[in-house]
Amino acid sequence: MFNLFRRVSFVSWYYCSLSLCSLSLCSLSLCSLSLVAQAQVQAPYLNKGDGLPPFFASMEKHEVMVQIQIQETPSAAPKDAPKGLKVGFRILAQGQKVRDYKEKTDELGRAFFLGIPSNPKVQGMISYEVWVDYQGVRFPFEVTGIPKTEDKDVLYDDFDPSKRLPENHLTLTVSPAVSDISALALHHDLIELHPDEESLLAIHEMTITNSSDQVVDLSHQPQGGLKLPAPEGAKAPELHQSHHDEVEVRGAALYYVGALLPHSTKKVKWYYTLPYRAERFDWEQAMPLPSTVGMIVAPQYKKPQHQSLIKLQLEAAKNSGEVKQVSTGPGRVFDALRKVPALSPGTPLRFSIMGIPAAPMWRRQLLYASILLVMVWVFWVGFASGQGEERLSRAHLQLERERLLKALARMEAALERKRITPARYQKEREVITARLVTIYRALERLDQQGELS
């Protein structure tokens with residue numbers, strides 16, 4: 001394979017490299033990693049680096065052997081995996097997936113990857129993961145360290161595992177999974193609350209822990225995954241990490257559909273919003289796992305994008321923690337809820353948020369009263385016009401038309417601010433529109449009578 005790549009035209013590769021060098025340093029790093037993640041091209045050290053830009057000249061590729069072993073029970077000795085298991089070697093750039101190299105195990109449970117990249121110039125941004133598909137479960141493994149190759153001359157030769165093995169070895173052990181979640185626990189590391197234009201933004205960091213000696217497969221839970229709901233009333237949850245294959249967003253909840261390895265943890269960071277409906281929001285969030293709480297914080301300082309101070313306050317539920325003010329620097333003060341007792345499965349995390357910049361209730365009541373008054377007036381005028389519309393003067397009809405148009409404009413503004421529901425807006429709009437049609441027809445008849453006279 002490498003002999004074949006050695007015949008690739010160096011001139012065309014060099015000019016392609018020069019064109020890529022015109023990009024910014026950040027873009028250059030990501031593009032370079034993408035190039036490295038293509039089909040196994042000849043590494044720069046095989047080109048001897050003559051005349052190459054320093055960034056490309058430092059790019060290297062390595063051969064890596066991944067040995068997969070199966071452990072049937074915790075007390076049994078591992079044995080080589082069967083032939084044909086899918087194995088992937090994932091390249092990440094600053095935590096974002098660049099590409100998966102995919103291979104299958106041979107008769108001895110080995111998978112060979114012949115083009116894993118490294119680059120000393122950007123190695124701090126590159127990380128590696130390996131995954132194995134076994135019995136319908138994907139087992140992820142984080143790889144520590146950097147692949148290295150001392151004897152680069154052997155990379156010129158075609159690879160034959162019967163004659164030599166790669167310098168870089170990884171041994172991974174997988175085992176049959178169970179669906180019992182009794183050994184799992186959840187920790188709310190941090191919940192941050194930030195006021196936005198029309199809602200509170202919640203940044204929620206969690207850690208799920210498997211304390212058992214077995215792999216726990218969560219894809220066979222009753223709903224096709226372990227449901228981790230947002231608090232009641234939350235909207236539009238989103239995951240922070242983009243390479244979470246084992247976590248899905250469905251409705252207002254997360255579903256963990258992957259597997260947790262023995263004595264492992266999984267961090268999840270997600271966002272959701274709490275629409276402004278009242279000055280107080282009572283948080284209720286029940287998890288299916290035993291849960292603990294680290295810290296919940298709400299800012300009490302003015303942010304640059306805000307016209308005035310929005311001073312959020314937290315209130316602990318009865319016998320459910322304490323609230324204290326903490327500071328992370330000059331002018332950065334938070335209300336912090338801590339020391340929340342451990343929660344059993346299904347027991348909701350409860351606390352309250354106050355000082356939410358929602359519209360006062362009297363304004364909403366005034367708006368609803370105004371709309372109701374307009375509707376009553378419209379019906380009354382409609383009834384009166386049915387008895388003697390011919391007696392209405394042109395000025396009266398024009399005045400009524402202007403009032404109805406203003407009422408319609410007020411309802412449209414209320415809809416945009418989400419102070420009335422779309423269904424209610426549509427119903428009231430139909431009533432007003434019907435009356436407007438009647439008024440326009442009456443005005444048209446008056447105009448026609450004026451022309452005849």
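Residues numbered from 1 in each chain as written. Predicted model: local features only at pLDDT ≥ 70, side-chain atom pairs only at ≥ 80, totals over all residues. Heavy atoms only, no water.

**Observations regarding the overall build of the protein chain**
Line of reasoning, step 1. When you go through the protein chain residue by residue, the secondary structure sums to seven helices and 24 strands.
Line of reasoning, step 2. Taking the contacts inside the protein chain whose residues are at least 6 apart along the sequence as the reference set, 70% of them involve residues at least 24 apart.
Line of reasoning, step 3. With the model as given, the accessible surface of the protein chain reaches about 24300 Å², and the carbon-plus-sulfur share is 54%. (Helix = DSSP H or I, 4+ residues; strand = E, 2+ residues; numbered from the N terminus. Contact = heavy atoms within 4.5 Å. Areas by Shrake-Rupley, 256 points an atom, 1.4 Å probe, with all protein chains shown as cover.)

**Quick word on a positive patch on the surface**
Line of reasoning, step 1. Together, K86, K97, K102 and K104 give the surface a local cluster of positive charge.
Line of reasoning, step 2. Here the element with the most residues in the positive patch is strand β4 (residues 96-104); it accounts for three residues. (Patch = residues over 30% accessible without salt bridge, like charges linked within 9 Å, V, L, I, M, F, W, Y side chains within 5 Å. Salt bridge = Lys/Arg side-chain N within 4 Å of Asp/Glu carboxyl O. Lys, Arg positive; Asp, Glu negative; His and termini not counted. Charge placed at Lys NZ, Arg CZ, Asp CG, Glu CD.)

**Some points on the pattern of salt bridges**
Line of reasoning, step 1. Inspection of every chain in the model, using the stated rule, returns 16 salt bridges.
Line of reasoning, step 2. D100 is paired through a salt bridge with R90; the nearest N and O atoms lie 2.8 Å apart. Taken as a pair, D100 in strand β4 and R90 in strand β3 (residues 86-93) lie far apart in primary sequence, ten residues in all. R90 carries the same exposure label as D100, and that label is buried.
Line of reasoning, step 3. Here E315 ties to R280 by a salt bridge, and the two come within 2.9 Å at their closest N and O atoms. Within this pair, whereas E315 is found in strand β21 (residues 313-316), its partner R280 is found in strand β19 (residues 280-286), the two being separated by 35 residues in sequence.
Line of reasoning, step 4. A residue is classified by how much of its surface remains accessible, and R280, at 38% relative accessible area, is partly exposed.
Line of reasoning, step 5. In the salt-bridge network here, residues are joined through shared partners; they are R280, D282 and E315. (Buried < 20%, exposed > 50% of the residue type's maximum accessible area, 1.4 Å probe, protein only.)

**Things to note about the environment of P176**
Line of reasoning, step 1. Mapping P176 onto the fold places it in the loop between β8 (168-174) and β9 (177-178).
Line of reasoning, step 2. Since its relative accessible area comes to 22%, P176 is described here as partly exposed.
Line of reasoning, step 3. Residues P176 and V215, 39 residues apart in the sequence, show an inter-C-alpha distance of 6.9 Å.
Line of reasoning, step 4. Beyond its immediate sequence surroundings of up to four residues, P176 is in contact with Q71, E72, Y134, Q135 and V215.

**Quick look at the nonpolar core**
Line of reasoning, step 1. Core analysis: the biggest nonpolar cluster contains 41 residues, and L193, W283, L349, F351 and I353 have the highest contact counts within it.
Line of reasoning, step 2. Sequence-distant contacts of I353, defined by excluding residues within four places in its chain, comprise L193, L200, L274, E279, R280, F281, W283, L312, Q313 and L314.
Line of reasoning, step 3. F89, A111, I116 and F139 belong to the second largest nonpolar core, which has 28 residues in total. (Core = buried A, V, L, I, M, F, W, Y, C linked by side-chain atoms within 4.5 Å.)

**Remarks on the environment of V293**
Line of reasoning, step 1. Tracing the chain through its elements places V293 in strand β20 (residues 291-299).
Line of reasoning, step 2. A C-alpha to C-alpha distance of 9.1 Å links V293 and I191, two positions 102 residues apart in sequence.
Line of reasoning, step 3. For V293, the residues in contact, after removing those within four places along its chain, are H187, H188, V340 and L349.

**A word on helix α6 (residues 394-416)**
Line of reasoning, step 1. The end-to-end C-alpha distance of α6 is 33 Å, a good match for the 33 Å that 23 residues give at a rise of 1.5 Å each.
Line of reasoning, step 2. Among the residues making up α6, those that are buried are L397, E400, R401, L404, A407, L408, M411 and A414.
Line of reasoning, step 3. Immediately downstream of α6, the backbone of K418 shows phi near 60°, a positive value. (Expected span 1.5 Å × (residues − 1).)

**A look at the environment of V257**
Line of reasoning, step 1. As for its placement among the helices and strands, V257 is situated in the loop between β16 (253-256) and β17 (259-260).
Line of reasoning, step 2. The class of V257 is buried, set by a relative accessible area of 17%.
Line of reasoning, step 3. Between the C-alpha atoms of V257 and G225, which are 32 residues apart in sequence, the distance is 4.4 Å.
Line of reasoning, step 4. In this view, V257 contacts D217, L218, S219, G224, G225, D245, E246, V247, E248 and R250; residues no more than four positions away in its chain are not counted.

**Quick notes on the pairing of strand β11 (residues 199-210)**
Each regular strand shows side chains that alternate between the opposite faces of the sheet.
Line of reasoning, step 1. Of all the twelve residues making up β11, nine are buried; the element is thus mostly covered by neighbouring parts of the structure.
Line of reasoning, step 2. One ladder, built from eleven bridges, connects strand β10 (residues 184-195) with β11; its direction is antiparallel. Along β11, the bridge assignment pairs L190 with E205.
Line of reasoning, step 3. The antiparallel hairpin formed by β10 and β11 contains three residues in its connecting segment.
Line of reasoning, step 4. Taken together, the twelve bridges between β11 and strand β18 (residues 264-275) define a ladder with antiparallel strand orientation. Its bridge partner lying in β18, M206 is registered against V268. (Pairing = 2+ DSSP bridges.)

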